[in-house]
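Working through the structure, step by step
This is what each chain is made of:
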Amino acid sequence: MTTAICDRRVATAPALVGLQTPDPQASVIIVNYNGHKHLGRCLAALRAHCPAAEVILVDNASTDGSVELAEQAFPCVRVVRNGANGGFGHGNNVGARWARGEYLVFLNPDTVIEPGWLEALTATLEANPQGALVTSKILLAAEPERINTCGNEVHCSGLTLCRGAGQASDTFSHPEEVSAVSGAAFALPRSVFEHLGGFDEQFFLYMEDTDLSLRARLAGYRCIYTPHSVVRHDYRLRFGPRKTFYQERNRYLMLLKCLRWRTLLILSPALLLAELVTWGFVLLHDRQNAGNKLLAYLWVLRHWKQVMAQRRRVQATRRTPDRALIESFGHRLAYEQTGTGYTARLAHVMFDPLFTLARRLALTLVHW
């Protein structure tokens, strides 16, 4: 894993109420980068509803005064300052090294938890002593009657979308196993996190939660959604200048690490179809950054030896056959999450039958 400069700065000991608890059951880890707009509300809700939890704020070299706000207004929060922005995964790994709780809970700074949020997560973990990753019901902060995600859906091409996005908040009312957790709000035992080696810091941004989920399931753990843990998330679909690069590069990395070669070969029809879909999306919605799709290919080729070393480490943890992973993968992409109207309807007509056939072919042939 990569290493960033870390100034281990915390608030003064007398003010650290949370740190005086000898053995906190749960440590809530928040990675912040220029999150001044949301951070105060997030920490205030944690203080109100989770007074016994250890809260660790890892700041990735913010310049907007958000970390100073946290130190002044929330002295019970342990603040760790990274000297550089090493990305979401690195920040969470730093927080996990500081954490003392039996359970590690990861929360985005642009969220506000509701009462009982943490208790529902830890109760689900206690009910699954064999090990699990547990994710919350995440609602849209601007429209709390609508869902942001209830766990994530992994497609047979590795593309990952929010499960239940836009549906009424009273749907998905029962706990169930899901393909992947949402990095906005989830928890897992410290022992599982350490067994998996934490987040893959090479991802920097996007897909870290799906990658961790797939590696966990490959190692024999489960991903569970609980509707009793509720959080509101200030989520909007955004397109940064490097989003396509990170999302596509990281999807390739995840698949190369987690699936056997013969499985990737059998899934090649689905993977090629996904290239058509993603190129179409880029040309429609992110044309000015279309070169990032090519850069994702080039990055994997240039770092092939490094990727293969990571693959060997992940495969060494394998306890689950590829077939079980494919059975959990979906075959239908929710095009409505990125486009509406005629384009989304046309995409369903064109691609749904082809992806369905590709997945059925994989399930027919993959018995390992």
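Structure's up top.
In this report, the structure presented in the accompanying data block is examined.

1. Some details on the overall build of the protein chain
In terms of helices and strands, the protein chain carries 13 helices and 13 strands. Relative to its length of 368 residues, the protein chain is compact, with a C-alpha radius of gyration of 20 Å against a globular reference of 21 Å. With the C-alpha coordinates of the protein chain rotated into their principal frame, the extents come out at 60 × 45 × 40 Å. For the protein chain, the proportion of its 368 residues judged to be buried stands at 57%. Here the contacts in the protein chain between residues at least 6 apart in sequence split such that 79% fall between residues at least 24 apart.

2. What about helix α3 (residues 88-98)?
By the criterion of burial, α3 is predominantly enclosed, with 10 of the 11 residues buried. Buried within α3 we find Phe88, Gly89, His90, Gly91, Asn92, Asn93, Val94, Gly95, Ala96 and Trp98.

3. Considerations on the nonpolar core
One finds Phe329, Tyr335, Phe351 and Phe355 to be the most contacted residues of the largest nonpolar core, which totals 44 residues. Where this core is concerned, the elements lending two or more residues are α6 (208-218), α7 (243-258), α8 (261-266), α9 (268-285), α10 (291-302), α11 (304-315), α12 (322-328) and α13 (342-365). Apart from residues lying up to four places away in sequence, Phe351 is in contact with Leu273, Leu276, Val277 and Tyr335. Core analysis: the second largest hydrophobic core is formed by 32 residues, Cys50, Val55, Tyr103 and Ala185 among them.

4. Let's talk about a nonpolar patch on the surface
A contiguous nonpolar surface patch, about 260 Å² in accessible area, is contributed by Leu295, Leu298 and Leu301. Within the secondary structure, Leu301 sits in helix α10. With a relative accessible area of 59%, Leu301 lands in the exposed category.

5. So, the pairing of strand β2 (residues 26-32)
When you tally the buried positions in β2, you get seven out of seven residues, the bulk of the element. The side-chain alternation of β2 yields two buried faces, one formed by Ala26, Val28, Ile30 and Asn32 and the other by Ser27, Ile29 and Val31. Where β2 meets strand β5 (residues 103-107), four bridges bridge the pair, whose relative direction is parallel. By the bridge assignment for β5, Val28 is matched with Val105. The pairing of β2 with strand β3 (residues 54-60) spans six bridges and is classified as parallel. Across the sheet, residue Ser27 finds its bridge partner in β3, namely Glu54.

6. Brief notes about the environment of Asn92
For Asn92, the position within the fold is in helix α3. Note on Asn92: relative accessible area 1%, which makes it buried. Residues Asn92 and Gly198 lie 106 residues apart in sequence; the distance between their C-alpha atoms is 8.3 Å. When sequence neighbours within four positions are dropped, the list of residues in contact with Asn92 reads Ile29, Val31, Phe106 and Phe199.

7. Some points on the pattern of salt bridges
In this structure the tally under the stated criterion is 18 salt bridges. With a shortest N-O distance of 3.2 Å, Glu54 and Arg100 are connected by a salt bridge. Remark: Arg100 occurs in the loop between α3 and β5 and Glu54 occurs in strand β3; sequence separation between them is 46 residues. For Glu54, a relative accessible area of 0% puts it in the buried group. With its nearest N and O atoms 2.9 Å apart, the salt bridge here joins Asp322 to Arg318. In this structure, Asp322 and Arg318 share a single accessibility class: buried. Connected via shared salt-bridge partners are Asp200, Asp211, Arg215 and Lys257.

8. As for the packing of α7 against α10
Contact geometry of α7 with α10 gives a least axis separation of 8 Å together with a crossing angle of 35°. The chirality of how α7 crosses α10 is right-handed. Between α7, through Thr244, Phe245, Glu248, Arg249, Arg251, Tyr252, Leu253 and Leu256, and α10, the contact on the second element is made entirely by Asn292, Lys293, Leu295, Ala296, Tyr297, Trp299 and Val300. The class makeup of the residues in the contact of α7 with α10 is nine nonpolar, two polar and four charged.

9. Here we look at helix α1 (residues 36-49)
Taking 1.5 Å per residue as the helical rise, α1 with its 14 residues ought to reach 20 Å, and the 21 Å between its terminal C-alpha atoms agrees with that figure. Looking at the buried positions of α1, the neighbouring elements they touch are β2, β3, α2 (66-73), β5, β6 (111-113) and α4 (117-126).

10. Regarding the packing of aromatic side chains
The tally for this structure, following the rule as stated, stands at 11 aromatic pairs. Ring geometry for Phe88 against Phe199: centres 5.8 Å apart, planes inclined by 75°, an arrangement best described as edge-to-face. In this pair, Phe88 is assigned in helix α3 and Phe199 in the loop between α5 (190-196) and α6, connecting sequence segments 111 residues apart. For the ring pair Phe186 and Phe199, a centre distance of 6.2 Å and an interplane angle of 75° mean the geometry is edge-to-face. Here Phe199 lies in the loop between α5 and α6 and Phe186 lies in strand β12 (residues 185-189), a separation of 13 residues in the sequence.

11. Brief notes about the packing of α7 against α9
Taken N-terminus to C-terminus, the directions of α7 and α9 make an angle of 170°; their axes are 12 Å apart at the nearest point. With respect to their mutual orientation, α7 and α9 come out roughly antiparallel. Contacts between α7 and α9 involve Thr244, Glu248, Arg251, Tyr252 and Leu255 from the first element and Leu271, Ala274, Glu275, Thr278 and Val282 from the second. Partitioning the contact of α7 with α9 into residue classes produces five nonpolar, two polar and three charged.

Rules and cut-offs
Residues numbered from 1 in each chain as written. Predicted model: local features only at pLDDT ≥ 70, side-chain atom pairs only at ≥ 80, totals over all residues. Heavy atoms only, no water. Helix = DSSP H or I, 4+ residues; strand = E, 2+ residues; numbered from the N terminus. Rg over C-alpha atoms; globule rule 2.2 N^0.38 Å. Buried < 20%, exposed > 50% of the residue type's maximum accessible area, 1.4 Å probe, protein only. Contact = heavy atoms within 4.5 Å. Core = buried A, V, L, I, M, F, W, Y, C linked by side-chain atoms within 4.5 Å. Patch = residues over 30% accessible without salt bridge, like charges linked within 9 Å, V, L, I, M, F, W, Y side chains within 5 Å. Areas by Shrake-Rupley, 256 points an atom, 1.4 Å probe, with all protein chains shown as cover. Salt bridge = Lys/Arg side-chain N within 4 Å of Asp/Glu carboxyl O. Pairing = 2+ DSSP bridges. Axes fitted to C-alpha atoms, helices over the stretch in contact; angles between N-to-C directions. Left-handed = near helix turned anticlockwise from the far one by under 90°. Nonpolar A, V, L, I, M, F, W, Y, C, P; charged D, E, K, R; others polar. Expected span 1.5 Å × (residues − 1). Phe/Tyr/Trp six-rings, centres within 6.5 Å; stacked < 30°, edge-to-face > 60°. Parallel < 35°, antiparallel > 145°, perpendicular 65-115°, else oblique.

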